[in-house]
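Chain residues, written in single-letter form:
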Amino acid sequence: MEKTARKKKAAATKENIFSTAVGLIKEQGYANVTVSEICRRAGIAKGTFYVHYASKEDIVRESYYSDMGKFVLRGYDLFLEQFPNSRAGDRILCFLSLELAFAEYTGYELTCLAYALNLGACVPGPSEHLERRTFSQVLYQEIAGHMDEALADLSAGEAFTYLESVVRGIMATWCFSNRAFRIEEEGTAFLACAVKGLFPITPSAEDLPAPR
């Protein structure tokens with residue numbers, strides 16, 4: 001019981017650090033935010049910060065792994081609670097749209113930096129990017145478990161790679177275009193086109209906001 005309480009407290013502390021850093025970066029810009037300021041705003045000691053993150057840059061790197069995972073899985077669980085009988089295509093669209101909602105939540109600058117830093121880590125190789133996106137296993141299982149409903153002649157692995165490529169492509173285009181479109185609303189519409197090519201979805205599912 002005590003061990004569980006400690007783990008919950010540690011998780012809450014890390015989430016506090018991350019959300020505080022995101023807020024400061026949105027307010028002041030990444031270059032103007034220091035670890036000291038993050039700690040002051042979060043109400044923690046510097047030593048506590050370094051228990052969870054190695055550096056300010058580490059927050060950016062981790063944002064699209066563990067932090068995105070928590071955000072997406074929390075929202076996905078809420079969706080399943082609200083719509084327990086939803087179709088596979090609806091659930092897949094929800095899961096993917098939550099990745100876009102995370103980009104909106106963290107903001108344009110942090111999303112661009114995360115892409116730059118994590119792509120840079122691929123150059124020396126080998127990249128651990130896909131292995132570290134453990135939350136995507138839920139998406140793969142959803143796809144693999146409903147291939148009997150698939151509309152395209154693809155394997156579960158191919159369908160997964162295609163949809164993951166689409167959502168990452170939307171994020172990258174949002175970055176490269178300097179936010180030329182609304183990533184949640186318009187991005188989800190783009191995703192719906194991709195998902196509908198693979199699985200049937202309920203028309204109203206396209207208009208459902210991503211759960212938070």
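See the structure shown above.
Presented here is an overview of the structure given in this document. These numbers come from a predicted model, not from an experiment. (Residues numbered from 1 in each chain as written. Predicted model: local features only at pLDDT ≥ 70, side-chain atom pairs only at ≥ 80, totals over all residues. Heavy atoms only, no water.)

## Regarding the overall build of the chain
Thinking step 1. Helix and strand counts for the chain stand at 10 helices and zero strands.
Thinking step 2. Secondary structure elements in the chain, listed N-terminal to C-terminal, are α-α-α-α-α-α-α-α-α-α.
Thinking step 3. Expressed along its principal axes, the backbone C-alpha trace of the chain runs to roughly 55 × 45 × 35 Å.
Thinking step 4. Looking at the chain as a whole, 45% of its 212 residues are labelled buried.
Thinking step 5. Considering only contacts within the chain whose residues lie at least 6 apart along the sequence, 73% involve residues at least 24 apart.
Thinking step 6. Surface summary for the chain: the accessible area is close to 11000 Å², and the carbon and sulfur share equals 56%. (Helix = DSSP H or I, 4+ residues; strand = E, 2+ residues; numbered from the N terminus. Buried < 20%, exposed > 50% of the residue type's maximum accessible area, 1.4 Å probe, protein only. Contact = heavy atoms within 4.5 Å. Areas by Shrake-Rupley, 256 points an atom, 1.4 Å probe, with all protein chains shown as cover.)

## Some remarks on the pattern of salt bridges
Pairing between side chains becomes possible if they bear opposite charge and their charged atoms approach one another.
Thinking step 1. Following the criterion strictly, the structure yields eight salt bridges and no others.
Thinking step 2. Across the pair Glu99 and Arg133 runs a salt bridge, and its minimum N-O distance is 3.0 Å. Highlighted residues: Glu99 in helix H5 (residues 88–106) and Arg133 in the loop between helix H7 (129–132) and helix H8 (136–144), separated in sequence by 34 residues. With respect to class, Glu99 is no different from Arg133; both count as buried.
Thinking step 3. Between Arg168 and Glu164 there is a salt bridge, with its nearest N and O atoms 3.5 Å apart. (Salt bridge = Lys/Arg side-chain N within 4 Å of Asp/Glu carboxyl O.)

## Structural notes on the side chain of Ser97
Thinking step 1. For Ser97, the location among the structural elements is in helix H5.
Thinking step 2. With relative accessibility at 6%, the residue Ser97 sits in the buried group.
Thinking step 3. Apart from the residues lying within four places of it in its own chain, the contact partners of Ser97 are Thr188, Leu191 and Ala210.

## Some details on the packing of helix H4 (residues 56–82) against helix H6 (residues 108–120)
Thinking step 1. Look at H4 against H6: their axes get within 9 Å of each other, and the N-to-C directions meet at 90°. Comparing the axis directions of H4 and H6 gives the class roughly perpendicular. On H6, the residues that touch Glu57, Val60, Arg61, Ser63, Tyr64 and Tyr65 of H4 are Leu110, Thr111, Leu113, Ala114, Leu117 and Asn118. (Axes fitted to C-alpha atoms, helices over the stretch in contact; angles between N-to-C directions. Parallel < 35°, antiparallel > 145°, perpendicular 65-115°, else oblique.)

## Quick look at the packing of aromatic side chains
Thinking step 1. Inspection of every chain in the model, using the stated rule, returns 13 aromatic pairs.
Thinking step 2. For the ring pair Phe49 and Tyr50, a centre distance of 5.2 Å and an interplane angle of 80° mean the geometry is edge-to-face.
Thinking step 3. Relative accessible area serves as the criterion here: at 42%, Tyr50 is assigned to the partly exposed category.
Thinking step 4. Relative to Phe135, the ring of Phe95 lies with its centre 6.3 Å away and its plane at 25°, an arrangement referred to as stacked. Here Phe135 lies in the loop between H7 and H8 and Phe95 lies in helix H5, a separation of 40 residues in the sequence. Comparing Phe95 with Phe135, the two get one shared label, buried.
Thinking step 5. Lys14 extends its terminal NZ or CZ atom over the ring of Tyr53, reaching a point 5.2 Å from the ring centre.
Thinking step 6. The ring centre of Tyr30 lies 4.1 Å from the NZ or CZ of Lys56, which sits over that ring. (Phe/Tyr/Trp six-rings, centres within 6.5 Å; stacked < 30°, edge-to-face > 60°. Lys NZ or Arg CZ within 6 Å of the ring centre and 35° of its normal.)

## Brief notes about the nonpolar core
Thinking step 1. Of all hydrophobic cores here, the largest spans 59 residues; its most connected members are Phe49 and Ile143.
Thinking step 2. For this core, the secondary structure elements donating two or more residues are helix H1 (2–28), helix H2 (35–42), H4, H5, H6, H8, helix H9 (156–176) and helix H10 (185–196).
Thinking step 3. If near-sequence neighbours (up to four positions away) are discounted, Phe49 is found in contact with Ile17, Val35, Ile38, Cys39, Ile44, Ser55, Lys56 and Ile59. (Core = buried A, V, L, I, M, F, W, Y, C linked by side-chain atoms within 4.5 Å.)

## Considerations on the side chain of Ser63
Thinking step 1. Mapped onto the fold, Ser63 is located in helix H4.
Thinking step 2. For Ser63, a relative accessible area of 0% puts it in the buried group.
Thinking step 3. Within the structure, Ser63 has its side chain in polar contact with the backbone oxygen of Val60 (distance 2.6 Å).
Thinking step 4. What Ser63 contacts, discounting residues up to four positions off in sequence, is Phe18, Met68, Phe102 and Ala114. (Polar contact = N/O pair within 3.5 Å; in protein donor to acceptor, adjacent residues only side chain to side chain.)

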